[in-house]
Amino acid sequence: MNEYLTREIWKMRKQIKTAEGTPVVSLVKVENKTYQLLFMSCGCENACTFCNYGFDYNLTLDMVKPELKKINLKEFDITELELEANGSFLSEREIPYNLFLEVLQFVSHKNIPVITMETHYKTITERKIQDIKRILGQEQEIHFELGFESVNEDVRSIYNKDIDLGKYLEVTRLCERYGIGLQINVLLGAPFLTREEQIQDCLDTLKFIFEKMPKGTHAVLFPINIKNNTMLKHWQDIGLYDQISSWEFVELLHRIPEEYLDRFTIAWWGTRENAFTKGIIQHPKTCEKCRDRLMNFYVNFYCNWNPSYRKTILDEIWQTRCDCDK
């Protein structure tokens with residue numbers, strides 16, 4: 001990571017104040033029947049330019065366990081439960097290991113089809129995977145969601161994202177050996193690139209993921225959201241960057257080869273907030289005339305993985321795109 005960027009980003013994050021009364025753990029609905037179990041941990045040790053994961057609670061088992069007991073997962077119709085920290089759920093800095101094991105016990109055997117853990121690839125070890133499989137059971141479908149953002153090293157340097165591709169691929173193969181599914185995050189909207197270069201970067205990254213990572217790996221496509229207390233917001237404030245159009249995200253989706261259309265999902269397209277982002281986030285730009293239509297499209301796309309259906313709604317919305325993108 002770039003030392004200057006890292007130092008400045010950490011300064012920005014220290015300015016973030018958690019709203020009074022924010023719970024140390026909460027159950028948050030994402031979309032459809034997907035929920036997050038969200039832990040307000042002490043903050044990510046990495047320093048990405050687009051991220052504002054701040055410095056919140058130093059979680060302990062004694063602090064979190066009483067709050068967990070207030071959440072009855074069986075009251076909710078959940079098809080996928082995402083375990084999320086203020087950075088990486090498998091980070092022992094953020095989630096102490098005894099708390100990690102307690103959370104696994106809490107979510108185990110609740111008839112939840114998929115349990116997903118968002119984490120940094122460097123936090124994954126064979127010991128942790130073995131404990132996950134032992135507690136959740138061999139039949140439980142488990143996914144890891146990993147930040148990747150771009151296959152291009154120059155683009156990752158803009159994001160201040162430190163990734164060793166060889167070691168990253170080793171981790172994906174370790175997960176494959178234990179039957180852990182992979183969701184790999186890809187980000188649209190890199191600063192200092194043209195719109196065409198941003199889209200092509202995502203297409204190149206998807207090609208790398210689907211050709212080099214284990215069979216069955218899925219991607220998660222994110223359009224950049226500008227958050228307060230980030231380097232991205234600073235670059236916007238001094239005129240070096242601006243929020244992308246939501247129609248750029250649609251154009252990317254429209255240009256993805258049809259054979260990939262059932263191999264990725266989408267996130268953060270413009271309607272979502274949580275304890276980390278409430279009131280301090282800029283979603284991709286739309287105008288009043290097209291906003292509702294775009295939001296409905298994204299929900300339909302997210303909820304239906306059929307490639308023929310996805311291609312049909314992509315063709316329809318791209319052919320009728322708003323004048324605000326022309």
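Residues numbered from 1 in each chain as written. Predicted model: local features only at pLDDT ≥ 70, side-chain atom pairs only at ≥ 80, totals over all residues. Heavy atoms only, no water.

(A) Local environment of the overall build of the protein chain. A tally of regular secondary structure across the protein chain gives 11 helices and 10 strands. Over its C-alpha atoms the protein chain spans a radius of gyration of 19 Å, differing by no more than 12% from the 20 Å that the globule rule assigns to 326 residues. Classification of the 326 residues of the protein chain by burial places 57% in the buried group. Pairs at least 24 residues apart make up 78% of the contacts formed inside the protein chain by residues separated by at least 6 positions. Of the roughly 14800 Å² that the protein chain leaves accessible, carbon and sulfur atoms contribute 46%. (Helix = DSSP H or I, 4+ residues; strand = E, 2+ residues; numbered from the N terminus. Rg over C-alpha atoms; globule rule 2.2 N^0.38 Å. Buried < 20%, exposed > 50% of the residue type's maximum accessible area, 1.4 Å probe, protein only. Contact = heavy atoms within 4.5 Å. Areas by Shrake-Rupley, 256 points an atom, 1.4 Å probe, with all protein chains shown as cover.)

(B) Layout of the nonpolar core. By size, the foremost hydrophobic cluster in this structure holds 108 residues, and its most contacted members are Leu37, Met117, Phe144 and Leu253. Dropping the residues within four chain positions of it, phenylalanine 144 is found in contact with Leu90, Met117, Ile124, Ile129, Ile132, Cys175, Ile180, Gly181, Leu182 and Gln183. (Core = buried A, V, L, I, M, F, W, Y, C linked by side-chain atoms within 4.5 Å.)

(C) Broad picture of the packing of helix α9 (residues 246-255) against helix α10 (residues 291-303). The interhelical angle for the contact between α9 and α10, taken along N-to-C directions, is 35 degrees, at an axis separation of 11 Å. Taken as a pair, α9 and α10 cross one another with a handedness that is left-handed. Counted together, Ser246, Trp247, Phe249, Val250 and Leu253 of α9 and Arg293, Leu294, Phe297, Tyr298 and Phe301 of α10 form the full contact between these two elements. Looking at the contact of α9 with α10 residue by residue, the class counts come to eight nonpolar, one polar and one charged. (Axes fitted to C-alpha atoms, helices over the stretch in contact; angles between N-to-C directions. Left-handed = near helix turned anticlockwise from the far one by under 90°. Nonpolar A, V, L, I, M, F, W, Y, C, P; charged D, E, K, R; others polar.)

(D) Representation of the pairing of strand β6 (residues 181-188) in the model. Burial analysis of β6 places seven of its eight residues in the buried class, which makes it a mostly covered element. When strand β5 (residues 141-149) meets β6, the two strands line up parallel, connected through six bridges. Residue pairing across strands places leucine 146 opposite isoleucine 184, the latter belonging to β6. Direction of pairing for β6 relative to strand β7 (residues 218-223): parallel, over a ladder of six bridges. (Pairing = 2+ DSSP bridges.)

(E) View of the side chain of histidine 143. Within the secondary structure layout, histidine 143 lies in strand β5. Look at histidine 143 and you get buried, because its relative accessible area is 15%. Here glutamate 141 takes part through its side chain, which lies 2.9 Å from a polar atom of the side chain of histidine 143. At 2.9 Å, the side chain of histidine 143 and the side chain of glutamine 183 are in polar contact. (Polar contact = N/O pair within 3.5 Å; in protein donor to acceptor, adjacent residues only side chain to side chain.)

(F) Main features of the sheet that holds strand β3 (residues 80-84). Reading across from one edge, β1-β2-β3-β4-β5-β6-β7-β9 is the order of the eight strands in this open sheet, with mixed pairing throughout. Bordering the open sheet on either side are β1 (25-31) and β9 (264-266), each of which pairs with just one other strand. The mean angle between the axes of side-by-side strands here comes to 25 degrees, regardless of whether they run parallel or antiparallel. For β1 and strand β2 (residues 34-39), the ladder comprises six bridges, and the chain directions are antiparallel. Counted as the bridge partner of serine 26 is leucine 38 from β2. The strands touched by α9 are β6, β7 and β9; relative to β7, the strand with the most contacts, the crossing angle is about 155 degrees.

(G) Spatial organisation of the side chain of glutamine 140. Counting through the fold element by element, glutamine 140 comes out in the loop between α4 (126-136) and β5. According to the relative accessible area criterion, glutamine 140 is buried, its value standing at 14%.

(H) Geometry of the pattern of salt bridges. For the structure shown, the criterion picks out 16 salt bridges. For arginine 134, the salt bridge is made with aspartate 131, and the minimal N-O distance between the two is 3.1 Å. On the criterion of helical spacing, the pair formed by arginine 134 and aspartate 131 is a turn pair, its members being three residues apart in helix α4. In this structure, aspartate 237 and lysine 233 form a salt bridge, with 2.7 Å as the shortest nitrogen-oxygen distance. Placement of the pair is aspartate 237 and lysine 233 together in helix α8 (residues 231-237), with a separation of four residues, close to one helical turn. Overall, the relative accessible area of 17% leaves lysine 233 in the buried class. (Salt bridge = Lys/Arg side-chain N within 4 Å of Asp/Glu carboxyl O.)

(I) Fine view of the packing of aromatic side chains. The full count for this structure, using the stated rule, is 16 aromatic pairs. Plain terms: the ring middles of phenylalanine 39 and phenylalanine 89 are 5.9 Å apart, the flat faces sit at 45 degrees to each other, and that makes the pair tilted. On the criterion of sequence distance, the pair formed by phenylalanine 39 in strand β2 and phenylalanine 89 in the loop between β3 and α3 (97-107) is long-range, its members being 50 residues apart. Judged by relative accessible area, phenylalanine 39 falls into the buried class, the value being 0%. For phenylalanine 89, a relative accessible area of 0% translates into the label buried. Between phenylalanine 210 and tyrosine 260, the aromatic rings sit 4.7 Å apart at their centres with planes inclined by 55 degrees, giving tilted as the arrangement. Here the residue phenylalanine 210 occupies a position in helix α7 (residues 195-212), and tyrosine 260 occupies one in the loop between α9 and β9, the gap between them amounting to 50 residues. Residue classification places phenylalanine 210 among the buried residues on the basis of a relative accessible area of 8%. An aromatic cluster is present here, built from Phe249, Phe264, Trp269, Phe297, Tyr298, Phe301 and Tyr302 joined pairwise through their rings. A cation over a ring is seen here: arginine 310 above phenylalanine 301, with NZ or CZ 4.1 Å from the ring centre. Over the face of the ring belonging to tryptophan 318 we find arginine 321, whose NZ or CZ atom lies 4.0 Å from the ring centre. (Phe/Tyr/Trp six-rings, centres within 6.5 Å; stacked < 30°, edge-to-face > 60°. Lys NZ or Arg CZ within 6 Å of the ring centre and 35° of its normal.)

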